[in-house]
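Listed below are the residues making up each chain.
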Amino acid sequence: MIRTAFSLALCFVVLPALADESTWSDLAAQLYDERPLHDGSPYIAIDAPYRTFDDARTQIAAQIEAPEGRLLGNVQVILDENPMPVSAVFTFDTPQPRFFFDVTMRVNGPTPLHVVAETTDGQIYVAESFVKTSGQGACAAPPGTDPEIALATLGNMTIGIEGNRQSASASDRLDALLLGDKQVDVDISHPSHSGMQMDQISLLFIPMRYVEDLEIDLDGGGYVDITGSISLSENPRISLSVPRKTHSVDVTMTDTDGTVTHAHKTLEAH
């Protein structure tokens, strides 16, 4: 699977955390130039906490439906005030009419959250939410895992499967059932070092190292390529919708140090 140049560019957008309303304007100008940004609220439903219980492991989820007659080419998750605002990019090998994701992320401080969907004809749809935090400064918080254990298990992955997404409402659950989606959960053992954390013994900064790319293949063919960032939590979980007819899932992880690991799961027939 080949990542698009657009995804690669997004991964390396890093702006200082600004404390005013200009942050999104600056980001949008840098990421999308003068392209029109359409109201995505009819098509993008964001599920994020009003206030985080754990800044270092916050679930950010969204359900995206492409406008009628269009297909999704990629989806971007942007935490405006995080040190690396473009936090995850989902680029589809085969354009999709709909998509669900749920990712555990670090939220460094109170921030607007934007989910951006780009359709294959180049139209951009944006939905916005806001996440308050508990003041833990997640991107600089010390790692929660013993460094030796983290290195010994780095790259281990577990793939889980849910028959239907546990949506917020009965109508959403019914819609998911009618659409026939499954949910795949990928648990990754990785310290996800942000480069802002200090070793508690040496008092030196720990070099940046995070999940740079996650390639998800279904039934031997490409499905979605996920570009990561330092916003991914330690030992991140990435959940996403897949067609119910899916029989097997293959995941390839590559981190910023070049470590590559693989996981495979055969799904039960439904």
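Bear in mind the structure is a predicted one, so any value in this text is a computation, not a measurement.

### Describing the sheet that holds strand E6 (residues 98-105)
Each strand in a sheet pairs with another by means of backbone hydrogen bonds, the pair being arranged parallel or else antiparallel. In spatial order, the strands read E2-E3-E6-E13-E10-E9; together these 6 strands make up an open sheet with antiparallel pairing. Lying at the two open borders of the sheet, with one neighbouring strand each, are strand E2 (44-47) and strand E9 (157-162). Each adjacent strand pair in this sheet contributes to an overall mean axis angle of 15 degrees, direction not counted. Taken together, the 3 bridges between E6 and strand E13 (residues 237-243) define a ladder with antiparallel strand orientation. For Val103, the partnering residue across the bridge sits in E13 and is Ile238.

### Details of the side chain of Asn74
Turning to its location among the elements, Asn74 is positioned in strand E4 (residues 72-79). Given a relative accessible area of 9%, Asn74 falls into the buried group. Within the structure, the side chain of Asn74 is placed 2.4 Å from the side chain of Gln76, a separation counted as a polar contact.

### Some points on the sheet that holds strand E8 (residues 124-131)
Taken together, 9 strands build an open sheet; the order of strands is E1-E8-E7-E4-E5-E12-E11-E14-E15 and the sheet is mixed. Strands with a single pairing partner mark the edges of an open sheet, and in this sheet they are strand E1 (37-39) and strand E15 (260-266). If you compare each strand with its neighbour and ignore which way they point, the axes differ by 20 degrees on average. Relative to strand E12 (residues 221-227), strand E5 (residues 86-96) runs antiparallel, the two sharing 4 bridges. Its bridge partner lying in E12, Phe90 is registered against Ile226.

Conventions adopted
Residues numbered from 1 in each chain as written. Predicted model: local features only at pLDDT ≥ 70, side-chain atom pairs only at ≥ 80, totals over all residues. Heavy atoms only, no water. Pairing = 2+ DSSP bridges. Helix = DSSP H or I, 4+ residues; strand = E, 2+ residues; numbered from the N terminus. Axes fitted to C-alpha atoms, helices over the stretch in contact; angles between N-to-C directions. Buried < 20%, exposed > 50% of the residue type's maximum accessible area, 1.4 Å probe, protein only. Polar contact = N/O pair within 3.5 Å; in protein donor to acceptor, adjacent residues only side chain to side chain.

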